[in-house]
Amino acid sequence: MMWTAGMWNKVAHFIKLAYNYIITTTTTHIMEKLKQLTSQMEQQMKDSLGYDDKSGFWYDKEDEDSFYTEEGIRLAVYEDLKDTLNYLYSDCAY
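Residues numbered from 1 in each chain as written. Predicted model: local features only at pLDDT ≥ 70, side-chain atom pairs only at ≥ 80, totals over all residues. Heavy atoms only, no water.

Trainee: Mind laying out the overall build of the protein chain, listing which residues take part and the relevant values?
Mentor: When you go through the protein chain residue by residue, the secondary structure sums to two helices and three strands. Ordering the α and β elements of the protein chain from the N terminus gives α-β-β-β-α. In terms of overall dimensions, the protein chain is more spread out than a globule: its C-alpha atoms have a radius of gyration of 23 Å, far above the 12 Å expected for 94 residues. Viewed in the frame of its principal axes, the protein chain has a C-alpha envelope of about 80 × 35 × 15 Å. When burial is assessed residue by residue, the protein chain has 11% of its 94 residues classed as buried. Across the protein chain, contacts joining residues at least 24 apart in sequence account for 35% of those joining residues at least 6 apart. (Helix = DSSP H or I, 4+ residues; strand = E, 2+ residues; numbered from the N terminus. Rg over C-alpha atoms; globule rule 2.2 N^0.38 Å. Buried < 20%, exposed > 50% of the residue type's maximum accessible area, 1.4 Å probe, protein only. Contact = heavy atoms within 4.5 Å.)

Trainee: Any details on a nonpolar patch on the surface? Residues and values, ideally.
Mentor: Residues Ile 30, Met 31, Leu 34 and Leu 37 make up a contiguous nonpolar surface patch of about 320 Å² in total accessible area. Mapped onto the secondary structure, Leu 37 falls in helix H1 (residues 5-48). On the basis of relative accessibility, which here comes to 34%, the residue Leu 37 falls in the partly exposed class. (Patch = residues over 30% accessible without salt bridge, like charges linked within 9 Å, V, L, I, M, F, W, Y side chains within 5 Å. Areas by Shrake-Rupley, 256 points an atom, 1.4 Å probe, with all protein chains shown as cover. Salt bridge = Lys/Arg side-chain N within 4 Å of Asp/Glu carboxyl O.)

Trainee: Mind laying out the environment of Val 11, listing which residues take part and the relevant values?
Mentor: Note on placement: Val 11 falls in helix H1. Of the residues examined, Val 11 reaches a relative accessible area of 29% and is grouped as partly exposed. Distance in space between the C-alpha atoms of Val 11 and Asn 86 is 39 Å, their sequence separation being 75 residues.

Trainee: How would you summarise the pattern of salt bridges if you had to cite specific residues and measurements?
Mentor: On inspection of all chains with the given rule, the structure shows three salt bridges. Across the salt bridge formed by Arg 74 and Glu 42, the nearest N and O atoms sit 3.6 Å from each other. In this pair, Arg 74 sits in helix H2 (residues 70-88) while Glu 42 sits in helix H1, placing the two residues 32 residues apart along the sequence. The class for Arg 74 is exposed, based on a relative accessible area of 52%. On the basis of relative accessible area, Glu 42 is assigned to the buried category, the value being 15%.

Trainee: I'd like a description of H1, backed by residues and values.
Mentor: Under the 1.5 Å per step criterion, the end-to-end length of H1 is 64 Å for 44 residues, consistent within 8% with the ideal 64 Å. Restricting attention to buried positions, one finds in H1 the residues Met 41, Glu 42, Met 45 and Lys 46. Where H1 is buried, its residues touch strand E2 (57-59), strand E3 (67-68) and H2. (Expected span 1.5 Å × (residues − 1).)

Trainee: I'd like a rundown of the packing of aromatic side chains, residues and numbers included.
Mentor: In this structure the tally under the stated criterion is three aromatic pairs. When the centroid spacing of 4.8 Å and the interplanar angle of 55° are considered together, the rings of Tyr 51 and Trp 58 count as tilted. Judged by relative accessible area, which is 12%, Trp 58 ranks as buried. Between the aromatic rings of Phe 57 and Phe 67, the centroid separation amounts to 6.3 Å while the plane-to-plane angle is 70°, which identifies the pairing as edge-to-face. (Phe/Tyr/Trp six-rings, centres within 6.5 Å; stacked < 30°, edge-to-face > 60°.)

This is the structure:
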């Protein structure tokens, strides 16, 4: 049997679909893992801080002049994660 251009196009299309499915599935899985990791890091930070019911702020138990809001905790976790990833993959940047 001789392969025609139409047959090769169908094979190429199938490979492209399979590749896109794998990339999308992998990316979704990685994003879910990152979401879980950031949630865990936020909870660990909250657990290490004290919470003031009256003001609604978290504070450092050792330095009660340092206060954090919910957004502040999320930002601190983001910066920590970003710095860690930059450090781990710094050799890939060049």
